[in-house]
Amino acid sequence: MTAIARKLCLLGDFSVGKTSLIRRYVHDEFSADYRATVGVQIHQYNDCVDGDGSTVELSQVIWDIEGSRFGKDLIKNYVVGSAGAVVIGDATRSDAASSMASHARIFLGIMPGRPLVFAMNKCDLVAKDERPQVGSLVEEFGGGLVYTSALTGESVRPLFRALGMRILEIGA
């Protein structure tokens, strides 16, 4: 089995669940105790990803970047060198798509051509037919859209694996 290491970033506004998604993915746990990330937290996780007819062990260095509203200058140093990013929105917020688009533009402005995957988190808090429809993000930026719940674990592993597959596809 081939093994590769890549840096991934999680971007999104404050309290959309970036840290909770990482905690669910890496440790398979959830905590309702909210503490805003200040700066960046870095996590390491190895996962097996299917790519190009073979399985690859992807050693992920996951950067949990604070939900800053200060823009590109503040997060540039955190994002540089990323192979890809997960852009996260909160399914309970009406402005989720706009915010996610803003984070996607910032990331791609710093790391053009790198893959994105979009996560609409906290989907357990809204009925399926009331989930925000943000397919326009996929049309504009490419990548995929996954509805997730860090609380229940819904689609968390597939979210990270989707980004891993996209990274392997483009060779980032």
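These numbers come from a predicted model, not from an experiment.

The rules behind each value
- Residues numbered from 1 in each chain as written.
- Predicted model: local features only at pLDDT ≥ 70, side-chain atom pairs only at ≥ 80, totals over all residues.
- Heavy atoms only, no water.
- Helix = DSSP H or I, 4+ residues; strand = E, 2+ residues; numbered from the N terminus.
- Rg over C-alpha atoms; globule rule 2.2 N^0.38 Å.
- Buried < 20%, exposed > 50% of the residue type's maximum accessible area, 1.4 Å probe, protein only.
- Contact = heavy atoms within 4.5 Å.
- Phe/Tyr/Trp six-rings, centres within 6.5 Å; stacked < 30°, edge-to-face > 60°.
- Axes fitted to C-alpha atoms, helices over the stretch in contact; angles between N-to-C directions.
- Parallel < 35°, antiparallel > 145°, perpendicular 65-115°, else oblique.
- Nonpolar A, V, L, I, M, F, W, Y, C, P; charged D, E, K, R; others polar.
- Core = buried A, V, L, I, M, F, W, Y, C linked by side-chain atoms within 4.5 Å.
- Pairing = 2+ DSSP bridges.
- Right-handed = clockwise from strand over helix to strand, strands pointing away.
- Salt bridge = Lys/Arg side-chain N within 4 Å of Asp/Glu carboxyl O.

Thoughts on the overall build of the chain
Scanning the chain for helices and strands turns up 5 helices and 6 strands. Ordered by position from the N terminus, the helices and strands of the chain form the series β-α-β-β-α-β-α-β-α-β-α. Rg of the C-alpha trace for the chain: 15 Å, near the compact-globule value of 16 Å for 172 residues, within the 12% margin. Dimensions along the principal axes, computed over C-alpha positions, put the chain at roughly 40 × 35 × 30 Å. For the chain, buried positions account for 48% of its 172 residues. The contacts in the chain between residues at least 6 apart in sequence include a share of 71% that link residues at least 24 apart.

Quick notes on the packing of aromatic side chains
Per the stated rule, a full pass over the model turns up 4 aromatic pairs. Taken together, a centroid distance of 6.0 Å and an interplanar angle of 50 degrees make the contact between Phe-118 and Phe-141 tilted. Separated by 23 residues along the polypeptide, Phe-118 in strand E5 (residues 116–121) and Phe-141 in helix H4 (residues 135–141) bring together distant segments of the chain. Of the two residues, Phe-118 and Phe-141, both sit in the buried class. Feature note: the residues Tyr-25, Tyr-45 and Phe-160 constitute an aromatic cluster, connected by ring pairs.

Concerning the packing of helix H1 (residues 18–27) against helix H5 (residues 156–170)
Where H1 contacts H5, the axes come no closer than 9 Å and their chain directions differ by 95 degrees. The angle between H1 and H5 places the two elements in the roughly perpendicular class. Touching Leu-21, Ile-22, Arg-24 and Tyr-25 of H1 are Val-156, Arg-157, Leu-159 and Phe-160, all from H5. Tallied by class, the residues present in the contact of H1 with H5 amount to 6 nonpolar, no polar and 2 charged.

Some details on the nonpolar core
Counting residues in each nonpolar core, the largest one holds 26 residues, and the members touching the most others are Val-79, Leu-116 and Phe-118. Listing elements by their share of this core, those giving two or more residues are strand E1 (2–11), strand E3 (54–65), helix H2 (72–79), strand E4 (84–90), helix H3 (96–110), E5 and H4. Of the residues forming this core, the biggest block, 7 residues, is contributed by H3. By size, the runner-up hydrophobic cluster in this structure holds 21 residues, among which are Leu-8, Ile-88, Ala-119 and Val-146.

A short note on the side chain of Thr-148
Relative to the helices and strands, Thr-148 is located in the loop between strand E6 (144–147) and H5. Not counting chain neighbours up to four residues away, the residues in contact with Thr-148 comprise Leu-21, Ala-119, Met-120, Asn-121, Lys-122, Cys-123, Glu-154, Ser-155 and Leu-159.

Description of the environment of Val-80
Secondary-structure assignment places Val-80 in the loop between H2 and E4. In sequence terms Val-80 and Leu-11 are 69 residues apart; their C-alpha atoms lie 13 Å from each other. Among residues more than four places away in sequence, those in contact with Val-80 are Lys-7, Ile-110 and Met-111.

Let's talk about the pairing of E6
Of the pairings in the sheet, the one linking E5 to E6 comprises 4 bridges and is parallel in character. Bridge pairing links Ala-119 to Val-146 in E6. This β-α-β element, E5 to H4 to E6, shows right-handed connectivity.

Looking at the pattern of salt bridges
Inspection of every chain in the model, using the stated rule, returns 8 salt bridges. As a salt-bridge pair, Lys-122 and Asp-90 come within 3.1 Å of each other at their nearest N and O atoms. One end of the pair, Lys-122, is in the loop between E5 and H4; the other, Asp-90, is in strand E4, with 32 residues separating them in the sequence. Lys-122 gets classed as partly exposed once you look at its relative accessible area, which sits at 23%. Exposure remark for Asp-90: the relative accessible area of 4% places this residue in the buried category. Notably, a salt bridge pairs Arg-166 with Glu-169, separated by 3.9 Å at the nearest N-O pair. Of this pair, Arg-166 and Glu-169 both sit in helix H5, 3 residues apart, roughly one helical turn. For Arg-166, a relative accessible area of 24% gives the class partly exposed.

Limitation: the analysis is restricted to geometry and does not speak to function.
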